[in-house]
Amino acid sequence: MDSLLNIKQTIVVEGKYDKIKLSEFISSNIICTNGFRIFKDRDKLNIIRKIAEKTGIIILTDSDYAGFMIRNYLKKTIDKKYIIDAYIPDVYGKERRKSIFSKEKKLGVEGIDKNIILKCIESACGALQDVDNRKYISKLDLYNLNLAGCKDSRNNRRKLIKALGIPENISVNGLLDVINTIMEYEEFIDLYRSLF
């Protein structure tokens, strides 16, 4: 099995299937725009902006019209000094999970070969590194700390969210993305102990 690669920047993709694809070979933080929902989701945009200021972001959207609309929107709303553009090539075909071709008949990030994606990211920023020994916070950690899936988890998350200064309506997955981007595991545990 190949080892996972770590990229210091957070990778921004369009959807969950793109994130699943990249998670197979990249251990770094990956966040989804949820497609066009990013245009109306101010909280998600603010989270991406905050993450960009902390780690920088690599925008890796599909090479179709929709992907460029999302990319350009992010580039207009986030300071460009935090952005690296990585472009996948136009590859025509149909994603395995779909029954029909996309409108432009191009593969999205989820359908592109792993090696092509890695080459695109490397040529954009030279950011590929061996995986580090960093420990990431998991959903299981959130559960064990009564921050998800427990009786008082919602109130506990609100207290944590307030301390972190992030939008109160953030999902558990969004919270996990932010925590893993802005702090180390030990920092998170120290913050948790100071709050609870």
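What you see is a predicted model; the values in this text were computed from it and never measured.

Points about the pairing of strand 2 (residues 10–13)
Here is the key point about a regular strand: its side chains alternate between the two faces of the sheet.
No. 1: Going residue by residue along strand 2, you find Thr10 and Val12 tucked away on one face and Ile11 and Val13 tucked away on the opposite face as well.
No. 2: Summarising the sheet, strand 2 and strand 4 (residues 57–59) pair through three bridges and their orientation is parallel. Counted as the bridge partner of Val12 is Ile59 from strand 4.
No. 3: Here three bridges tie strand 2 to strand 3 (residues 30–32), and the two strands are oriented parallel to one another. For Val12, the partnering residue across the bridge sits in strand 3 and is Ile31.

Some remarks on the packing of helix 2 (residues 42–55) against helix 7 (residues 172–182)
No. 1: Axis separation between helix 2 and helix 7 bottoms out at 10 Å; the angle between their running directions is 15 degrees. Considering their axes alone, helix 2 and helix 7 lie roughly parallel with respect to each other. Read as a crossing pair, helix 2 and helix 7 show a hand that is left-handed. Facing helix 2, whose interface residues are Ile47, Ile51, Lys54 and Thr55, helix 7 presents Val178, Thr181 and Ile182.

Quick notes on the rules
- Residue positions are given per chain, counting from 1 as you read along its sequence in written order.
- Given that this is a predicted model, residues contribute local features only at a pLDDT of at least 70 and side-chain atom pairs are listed and counted only at 80 or more, while totals for whole chains, interfaces and linings are drawn from all residues.
- Water and hydrogen atoms play no part in the side-chain values, which are based on all heavy atoms of the structure.
- Burial classification: accessible surface area is computed with a 1.4 Å probe over protein chains only, and a residue below 20% of its type maximum counts as buried, one above 50% as exposed, and the rest as partly exposed.
- The way it works is that DSSP assigns letters per residue, a run of H or I at least four long becomes a helix, a run of E at least two long becomes a strand, and they are numbered from the N terminus.
- Here, any two strands with at least 2 DSSP bridges between them count as paired.
- Working convention: axes come from line fits to C-alpha atoms, limited for helices to the stretch in contact. Angles between N-to-C directions cover 0 to 180 degrees.
- These descriptions rest on fixed angle ranges, namely under 35 degrees for roughly parallel, over 145 for roughly antiparallel, 65 to 115 for roughly perpendicular, and the rest for oblique.
- Handedness of a crossing follows from how the near helix is turned relative to the far one, being left-handed for an anticlockwise turn of less than a right angle and right-handed for a clockwise one.
- Two residues qualify as a contact provided that any one of their heavy atoms is within 4.5 Å of a heavy atom in the partner residue.

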